Amino acid sequence: EAEVAQSPRYKITEKSQAVAFWCDPISGHATLYWYRQILGQGPELLVQFQDESVVDDSQLPKDRFSAERLKGVDSTLKIQPAELGDSAMYLCASSLGLAGKAQYFGPGTRLTVL
Amino acid sequence: DQQVKQNSPSLSVQEGRISILNCDYTNSMFDYFLWYKKYPAEGPTFLISISSIKDKNEDGRFTVFLNKSAKHLSLHIVPSQPGDSAVYFCAASPNAGGTSYGKLTFGQGTILTVHP
């Protein structure tokens, strides 16, 4: 069964350092999403790609977060500099289309900022 | 402004009985609804979905009901099994048009515990 791959699974960093997360969506899925989930809450969308183009990054803190999907396949989410409040689970999801299609999630990256 | 709400933080049921998880939404632009199950330290797993043109969708032990007039959906699990114990999230996305197209808005989750 095809799955969304993410790495690393866990990341511990000190504040002001840079961190990067990688995601490889299910093959053939043109739409890719990055979500952030804080403990006790549901995931919140950070950025949405259709192929290599950003569809929605309205919730992405652009002063410190960046995301790219250069070839329209895998994607990288970067935080620089990390802050204590960035500690959360970062989830990547992919789907066949923009809407009316289920999004399939990867295992996530648990980020702890000390 | 919480557009998708799961008002029950937790639910406990006996194995073999029915589990009913509820979800309310406020945004009338939502037209596609999904349920996800999440185990600790894992990503959410897609369970079942329903579009606004339907009021029921069934997949094995899982059935989702949608009441558009009440802006309410529910997930029924029959019979419940101990392996169903997890956090359940409902999510909704809007219809075509606008930058929110396809964006999922999640509820806060309900912790389901199924006792043997």
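Let me begin by describing the structure that accompanies this report.

Cut-off values and rules
- Residues numbered from 1 in each chain as written.
- Chains lettered and ligands numbered in written order.
- Predicted model: local features only at pLDDT ≥ 70, side-chain atom pairs only at ≥ 80, totals over all residues.
- Heavy atoms only, no water.
- Helix = DSSP H or I, 4+ residues; strand = E, 2+ residues; numbered from the N terminus.
- Buried < 20%, exposed > 50% of the residue type's maximum accessible area, 1.4 Å probe, protein only.
- Rg over C-alpha atoms; globule rule 2.2 N^0.38 Å.
- Areas by Shrake-Rupley, 256 points an atom, 1.4 Å probe, with all protein chains shown as cover.
- Lys, Arg positive; Asp, Glu negative; His and termini not counted.
- Charge placed at Lys NZ, Arg CZ, Asp CG, Glu CD.
- Contact = heavy atoms within 4.5 Å.
- Buried area = accessible area lost by both parts, 1.4 Å probe.
- Polar contact = N/O pair within 3.5 Å; in protein donor to acceptor, adjacent residues only side chain to side chain.
- Disulfide = S-S within 2.5 Å.
- Pairing = 2+ DSSP bridges.
- Axes fitted to C-alpha atoms, helices over the stretch in contact; angles between N-to-C directions.

Overview of the overall build of chain B
If you tally the helices and strands in chain B, you get zero helices and 11 strands. Starting at the N terminus and walking to the C terminus, you meet the elements of chain B as β-β-β-β-β-β-β-β-β-β-β. Projected onto its principal axes, the C-alpha coordinates of chain B cover approximately 45 × 30 × 20 Å. Here chain B holds 116 residues, and 43% of them are scored as buried.

Here's the deal with the overall build of chain A
Secondary structure summary: chain A contains zero helices and 11 strands in total. For chain A, the C-alpha radius of gyration of 13 Å lies close to 13 Å, the compact-globule estimate for 114 residues. Considering chain A as a whole, with its 114 residues, one finds that 46% of them fall into the buried category. Total accessible area computed for chain A in this model is approximately 5,500 Å², and 49% of it derives from carbon and sulfur atoms. In chain A, 11 positive and 14 negative side-chain charges are present, and the distance between their average locations comes to 4 Å.

Thoughts on the interface of chain B and chain A
Opposite the 18 residues of chain B that make contact, chain A presents 25 residues. The contact between chain B and chain A buries some 1,700 Å² in all, and 60% of this surface belongs to carbon and sulfur atoms. At the junction of chain B with chain A, the criterion picks out four residue pairs in polar contact (both at pLDDT 80 or more). Looking at the side of chain B that touches chain A element by element, the count peaks at four residues for strand 4 (residues 30-38) of chain B.

Here's the deal with the state of the cysteines
Residue and element names in this part refer to chain B. Following the criterion strictly, the structure yields two disulfides over all chains and no others. There is a disulfide in this structure between Cys23 and Cys90, and the S-S distance comes to 1.9 Å. Measuring handedness by torsion sign, the sulfur bridge of Cys23 and Cys90 sits at about 65° and is right-handed. Within this pair, whereas Cys23 is found in strand 3 (residues 19-25), its partner Cys90 is found in strand 9 (residues 86-94), the two being separated by 67 residues in sequence. According to the relative accessible area criterion, Cys90 is buried, its value standing at 0%.

A look at the side chain of Ser95 of chain A
Residues and elements named next belong to chain A. Position of Ser95 relative to the elements: it lies in strand 9 (residues 88-95). We classify Ser95 as buried; its relative accessible area is 0%. One polar contact links Ser95 to Tyr33, side chain to side chain, over a distance of 3.3 Å. When sequence neighbours within four positions are dropped, the list of residues in contact with Ser95 reads His29, Ala30, Thr31, Tyr33, Lys101, Ala102 and Gln103.

Some remarks on the sheet that holds strand 3 of chain B
All names here are of chain B. The strand order 1-3-8-7-6 describes an open sheet built from five strands, whose pairing is antiparallel. Two strands bound the open sheet, and with one partner strand each, they are strand 1 (4-5) and strand 6 (56-59). Relative to strand 8 (residues 72-77), strand 3 runs antiparallel, the two being bridged by six bridges. Bridge pairing links Ile20 to His76 in strand 8.

Observations regarding the sheet that holds strand 8 (residues 75-79) of chain A
Residues and elements named next belong to chain A. Ordered in space as 1-3-8-7, the four strands form an open sheet in which the pairing is antiparallel. The sheet is open, and its two borders are formed by strand 1 (5-7) and strand 7 (65-68), each paired with just one other strand. The mean inter-strand angle of the sheet, taken between neighbouring strand axes irrespective of direction, is 15°. The pairing of strand 1 with strand 3 (residues 19-24) spans three bridges and is classified as antiparallel.

Quick look at the pairing of strand 3 of chain B
Residues and elements named next belong to chain B. The alternating pattern of strand 3 places Ser19, Leu21, Cys23 and Tyr25 on a buried face and Ile20, Asn22 and Asp24 on a face that is not buried. Here strand 1 runs beside strand 3; their pairing, made up of two bridges, is antiparallel. By the bridge assignment for strand 3, Lys5 is matched with Asp24.

Quick notes on the side chain of Ser19 of chain B
Residues and elements named next belong to chain B. Tracing the chain through its elements places Ser19 in strand 3. By relative accessible area, which is 0% here, Ser19 ends up buried. A polar contact is formed between the side chain of Ser19 and the side chain of Ser80, at a distance of 2.6 Å. Leave out the neighbours within four places in its chain, and Ser19 touches Leu11, Val13, Leu75, His76, Ile77, Ser80 and Leu112.

Description of the environment of Arg61 of chain B
Residue and element names in this part refer to chain B. Its place among the elements puts Arg61 in the loop between strand 6 and strand 7 (62-67). The exposure class of Arg61 is partly exposed, given its relative accessible area of 22%. When residues no more than four places from it in sequence are discounted, the contact partners of Arg61 are His76, Ile77, Val78, Pro79, Ser80, Gln81 and Asp84.

Note that all results are geometric; they support no functional claim without further evidence.
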